[in-house]
Structure formats: C-alpha cells, structure tokens
Amino acid sequence: QVQLVESGGGLVQTGGSLRVSCAASGRAFSDYTLGWFRQAPGKEREFVGAIIMTSGWTSYADSAKGRFTISRDNAKNMVHLQMNSLKPEDTAVYYCAARRGVIFLTNSYNYDYWGQGTQVTVSS
C-alpha cells in the first residue's frame, strides 16, 4: 500500500522560505514520478512541479519557476519542495502525489496516490 506523508508546512512572511517534504512508503519508487500540487480555498488543485525519481529531472509550473526547487532522496524515499521568495498567492494546501511512469504530467487525474496535504500560509 503506497503511502505519502507531507510535512513542513507552516506560516511564513512574504519573501520568506519554507521547505515541505514528502515521505513515500509501500514500494520502490524508482519508476515513479512524484509531483507537488496545491489547492487554495475556492480554487482548483493546480500543478506546482514534479520530479522523476530515477533521473532527478524536474518540471515546474510557470508560477514556481525560479522560486521553487524539487529534490529527492532516493535512499530515504523522500521528496522535498523548497519554496523561496514566497508570496501571499502561494498560500494553499500543498499535496504530494505519485504516479508510475517517467513522463511529466500536470493533470491531477494522472496521479494515483496522494498525501493528506500540508498547509502553507504566506502572510503579507
């Protein structure tokens, strides 16, 4: 049974940084892509970025490019989302998601497994 558990959310001021992490368990993830999504109140869940666990290649949404960085630790089955220069519009619940395959897909429907989410709040 695949499990994804996010951690590291919290409250930060505009311009600050925060790192959220995702611990994956239940199987080997070498042939998986792990993605980050976020959902703000009243809005649809949106793609933030993703990483291919074998190669470490990453892909980002335009809103994340240059500010967010995704990394992985294959030995620990963990993925991290480092967020810098945070803005109030980054406020959302951030979700880790996993799908088998090594193609970057940005639609949440393509991901099979989800964590419970972690709240990130950026104050102005």
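This structure is a prediction, so every number in the text was calculated from the model and none was measured.

Parameters at a glance
- Numbers given to residues run from 1 along each chain, matching the order in which its sequence is written.
- Note on the predicted model: pLDDT of at least 70 is required for a residue's local features to be given, and 80 or more for side-chain atom pairs to be given and counted; whole-chain, interface and lining totals, by contrast, use all residues.
- Excluding hydrogens and water, the side-chain values take into account all heavy atoms of the structure.
- The way it works is that DSSP assigns letters per residue, a run of H or I at least four long becomes a helix, a run of E at least two long becomes a strand, and they are numbered from the N terminus.
- Radius of gyration means the value over C-alpha atoms here, while the globule rule gives 2.2 Å times the residue count to the 0.38 power.
- With a 1.4 Å probe rolled over the protein chains alone, any residue whose accessible area is under 20% of its type maximum counts as buried; one over 50% counts as exposed, and the rest are partly exposed.
- Residue contacts are counted whenever heavy atoms from the two residues lie within 4.5 Å of one another.
- Computed with a 1.4 Å probe, the accessible areas rest on the Shrake-Rupley method; for each residue, only the protein chains presented here act as cover.
- Cysteine sulfurs are considered disulfide-paired once they come within 2.5 Å of each other.
- Note on aromatic contacts: the rings of Phe and Tyr and the six-membered ring of Trp form a pair at centre separations within 6.5 Å, being stacked when their planes are under 30 degrees apart, edge-to-face when over 60 apart, and tilted otherwise.
- Counting as a charge over the ring demands two things of the Lys NZ or Arg CZ atom: a distance within 6 Å of the ring centre and an angle within 35 degrees of the ring normal.

Asks: Residue-level account of the overall build of the protein, with values.
Replies: Along the backbone of the protein there are zero helices and 11 strands. For the protein, the α and β elements follow one another from N to C terminus as β-β-β-β-β-β-β-β-β-β-β. Here the C-alpha atoms of the protein give a radius of gyration of 13 Å, agreeing with the 14 Å that 2.2 N^0.38 yields for 124 residues. With the C-alpha coordinates aligned to their principal axes, the bounding extent of the protein is approximately 40 × 30 × 25 Å. Across the 124 residues in the protein, those meeting the buried criterion constitute 44%. In the protein, once contacts between residues fewer than 6 apart in sequence are set aside, the share between residues at least 24 apart is 57%. Split by element, the accessible area of the protein, about 6300 Å² in all, is 48% carbon and sulfur.

Asks: Pulling in residues and values, what's your account of the state of the cysteines?
Replies: Under the defined criterion, the tally for this structure stands at one disulfide. Here C22 connects covalently by a disulfide to C96, the sulfurs 2.1 Å from one another. Classification of the bridge connecting C22 and C96 rests on its S-S torsion, roughly -75°, and on that basis the disulfide is left-handed. Of this pair, C22 sits in strand 3 (residues 18–25) while C96 sits in strand 9 (residues 92–100), and the two are 74 residues apart along the sequence.

Asks: With reference to specific residues and values, describe the environment of V48.
Replies: Turning to its location among the elements, V48 is positioned in strand 5 (residues 46–52). The exposure class of V48 is buried, given its relative accessible area of 2%. Sequence separation of V48 and T69 is 21 residues, and the distance between their C-alpha atoms is 10 Å. With residues up to four places along the chain from it excluded, the contact list for V48 reads W36, F37, R38, S59, Y60, A61, A64, F68, L81 and Y94.

Asks: If you had to explain the packing of aromatic side chains to someone new, which residues and values would you point to?
Replies: This model, assessed by the stated rule, comprises six aromatic pairs. Among the aromatic side chains, those forming a connected cluster through ring pairs are F37, F47, Y95, Y111 and W114. A cation over a ring is seen here: R45 above Y95, with NZ or CZ 3.8 Å from the ring centre. When the ring centre of W114 is taken as reference, the NZ or CZ atom of R45 above it lies at 4.8 Å.

Limitation: the analysis is restricted to geometry and does not speak to function.
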